[in-house]
Amino acid sequence: MKTLIKNRTKSGAKVYLIFTFYCILTCRSSIAQTYAIGADLSFMKQAEDEGFKFKEDGQPKACLEIFKDHGYNWIRLRLFHTPKQLPNSLDYTLSLAKEAKQKGFKFLLDYHYSDTWADPGKQYPPEAWKKKTHVELVQAVYEYTRSTMIVFRDSGAYPDMVQIGNEISNGMLWPDGKLPGNWDNFAELVQAGINGVYASCGNNPCPRIMIHIDKGGNKNFTKYFFDKLNSYGIHYDVIGQSYYPWWHGNLLDLRECLNFTATEFKKDIILVEVAYNWVPSEYINKKAPFAETKEGQKEFLEEVNRIILNIPDNRGCGVFWWEPAVSGRGTRSCFDEDGNVLPVIKVFDRFTRN
């Protein structure tokens, strides 16, 4: 295994590397990867707590039950460090994760390592970490990941898979881990997060580790990013991609990127964020690949799922719709403004019903 940082003398780097190598050899990992039919339902609890009623066939119904009845078997939840406006704190996320686990869902935990949204345009560190040195940040990522994972574990809601950062194409915890200038720092931060996950496993199978970028239709960037990441000897299990066609290219771009990724890197692939609008939004002044209608939204997901199912070597392992349950106000939601579930919910019925 290549050392994480060449000629690095800062304390702790060797400890992290040795610990990771030990975990790769000894930690019990969840081996079987069923096809993930998933949804990021991070806003769902807030909507239901505020009294919003999700409905099917005109009748109120628990949102998780709607998804479960249509073949969904995974839930994705994001975690913010100390959110001030958004609901996704540890307590909130834990409550929703416990409910999902009790209903039989598998659970993907999405660490943002921020108090707010982390994405390619912003990766703000938590307020509590802003004055930390790089070495202190590495330690903070490790300790925070380990301690929060233990909370999930001891509450009966241990994740089945964990993302180390969200859409980290341009790095994480800026400016310390910002890319492309700070790859060494970035690699240590990612490794610290992975080590924190492994340190929490106890007697449980360790969750699979996902590295998530936002380049679902960009083969060249995907190759650059994972070639560079792999040069640090970092162990992970799944490549996650985001794909929104108005940002990330057409379906042929998606197909080319995912097929290439499977053959080049020999990793399982999940399209961990995907969505399409059911009312005109992104394609008002240009031609759309699918009509921005209720039926067009459904047709889009059907075609995306077909691409994933046909990734070489069965490396296509699932798809997650991003935020389908935002109080019926989102144009990319799976529900209309009155809470009625839309036709897109039925995409997986034929795959999951006997």
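Above this text you will find the structure in question.
Residues numbered from 1 in each chain as written. Predicted model: local features only at pLDDT ≥ 70, side-chain atom pairs only at ≥ 80, totals over all residues. Heavy atoms only, no water.

S.K.: I'm lost on the overall build of the chain in this one. Help?
M.R.: Broken down by element type, the chain carries 11 helices and 12 strands. Per-residue burial over the chain gives 56% buried out of 354 residues. Restricting to contacts in the chain with at least 6 residues of sequence separation, those with at least 24 account for 77%. (Helix = DSSP H or I, 4+ residues; strand = E, 2+ residues; numbered from the N terminus. Buried < 20%, exposed > 50% of the residue type's maximum accessible area, 1.4 Å probe, protein only. Contact = heavy atoms within 4.5 Å.)

S.K.: How should I be thinking about the pairing of strand 9 (residues 208–213) in this particular structure?
M.R.: Regular strands place side chains that alternate from one sheet face to the opposite one. The element strand 9 is extensively covered by neighbouring structure, given that six of its six residues are classed as buried. Neither face of strand 9 is open: one carries Arg 208, Met 210 and His 212, the other Ile 209, Ile 211 and Ile 213, and all of them are buried. Where strand 6 (residues 161–164) meets strand 9, three bridges bridge the pair, whose relative direction is parallel. Across the sheet, residue Met 161 finds its bridge partner in strand 9, namely Arg 208. Strand direction decides the pairing type here: strand 9 and strand 10 (residues 238–243), joined by four bridges, are parallel. Bridge pairing links Ile 213 to Gln 241 in strand 10. (Pairing = 2+ DSSP bridges.)

S.K.: How do you make sense of the pairing of strand 6 when you look at a structure like this?
M.R.: Where burial is concerned, the two faces of strand 6 agree: the one with Met 161 and Gln 163 and the one with Val 162 and Ile 164 are both buried. Of the strand pairs in this sheet, strand 5 (residues 106–111) and strand 6 are connected by four bridges, and their pairing is parallel. The residue of strand 6 that forms the bridge with Leu 108 is Met 161.

S.K.: Can you walk me through the environment of Lys 298 in this structure?
M.R.: You can see Lys 298 is positioned in helix 10 (residues 294–309). The sequence separation of Lys 298 and Ile 345 amounts to 47 residues, and the corresponding C-alpha distance is 7.8 Å. Not counting chain neighbours up to four residues away, the residues in contact with Lys 298 comprise Pro 343, Val 344, Lys 346 and Val 347. In terms of polar contacts, Lys 298 uses its side chain to reach the side chain of Glu 302, at 2.8 Å. (Polar contact = N/O pair within 3.5 Å; in protein donor to acceptor, adjacent residues only side chain to side chain.)

S.K.: Is there a simple way to explain the state of the cysteines in this structure?
M.R.: Each disulfide consists of a covalent bond between the sulfur atoms of two cysteine residues. This model, assessed by the stated rule, comprises one disulfide. Here Cys 201 connects covalently by a disulfide to Cys 206, the sulfurs 2.0 Å from one another. The sign of the S-S torsion, about 130°, decides the handedness of the disulfide formed by Cys 201 and Cys 206: right-handed. A single burial state applies to Cys 201 and to Cys 206, both of which are buried. Unpaired in terms of disulfides, Cys 63 finds its nearest cysteine sulfur in Cys 334, a separation of 8.7 Å. Judged by its relative accessible area of 0%, Cys 63 falls in the buried class. (Disulfide = S-S within 2.5 Å.)

S.K.: What's the story with the sheet that holds strand 5 in this structure? I'm lost.
M.R.: By definition, the strands of a sheet pair up through backbone hydrogen bonds, in either a parallel or an antiparallel sense. Ordered by their spatial adjacency, eight strands build a closed barrel running 1-4-5-6-9-10-11-12, and the pairing between neighbours is parallel. Looking at each pair of strands side by side, their axes are set apart by 25° on average, direction ignored. Against the sheet, helix 4 (residues 90–102) makes contact with strand 4 (74–79) and strand 5, and its axis sits at roughly 170° relative to strand 4, the strand it touches most. Relative to strand 9, helix 7 (residues 219–230) is tilted by about 135°, and along the sheet it contacts strand 9 and strand 10. (Axes fitted to C-alpha atoms, helices over the stretch in contact; angles between N-to-C directions.)

S.K.: Which parts of the structure should I look at to understand unusual backbone geometry?
M.R.: Note: most residues except glycine have negative phi, and most peptide bonds are trans. The step from Trp 174 to Pro 175 runs through a cis peptide bond, and the omega angle for that step is 0°. Tracing the sequence through the fold places Pro 175 in the loop between strand 7 (171–172) and strand 8 (177–178). For the peptide bond that leads from Leu 179 to Pro 180, omega is 10°, which places it in the cis range. With respect to the element layout, Pro 180 can be found in the loop between strand 8 and helix 6 (183–199). Phi is positive for Tyr 113, which is not a glycine, with a value near 50°. Tracing the backbone shows Tyr 113 in the loop between strand 5 and helix 5 (134–154). Classification of Tyr 113 by relative accessible area gives buried; the value is 1%. Residue Lys 266 is not a glycine yet carries a positive backbone phi of 55°.

S.K.: What is the right way to look at helix 4 in this model?
M.R.: Since the α-helix packs 3.6 residues into each turn, any two residues three or four apart lie on the same face. Compared with an ideal rise of 1.5 Å per residue, which puts 13 residues at 18 Å, helix 4 spans 18 Å between its outermost C-alpha atoms and is within 8% of the ideal. Those residues of helix 4 that are buried lie in contact with helix 2 (44–49), helix 3 (63–69), strand 4, strand 5 and helix 5. At the C-terminal side of helix 4, Gly 104 shows a positive phi close to 95°. (Expected span 1.5 Å × (residues − 1).)

S.K.: Would you mind showing me how to read the pattern of salt bridges here?
M.R.: Side chains that differ in charge, positive against negative, can pair when their charged atoms come close. Under the counting rule described, the total for this entry stands at 22 salt bridges. Among the salt bridges present, the one from Asp 119 reaches Lys 122, with a minimum N-O distance of 2.6 Å. With a relative accessible area of 24%, Lys 122 lands in the partly exposed category. The salt bridge involving Lys 130 is made with Glu 127; its shortest N-O contact spans 3.3 Å. Residue classification places Glu 127 among the partly exposed residues on the basis of a relative accessible area of 48%. Overlapping salt bridges, with partners in common, bring together Asp 40, Arg 76, Arg 78, Asp 110, Glu 273 and Glu 323 in one network. (Salt bridge = Lys/Arg side-chain N within 4 Å of Asp/Glu carboxyl O.)

Nothing here speaks to function; it is geometry throughout.
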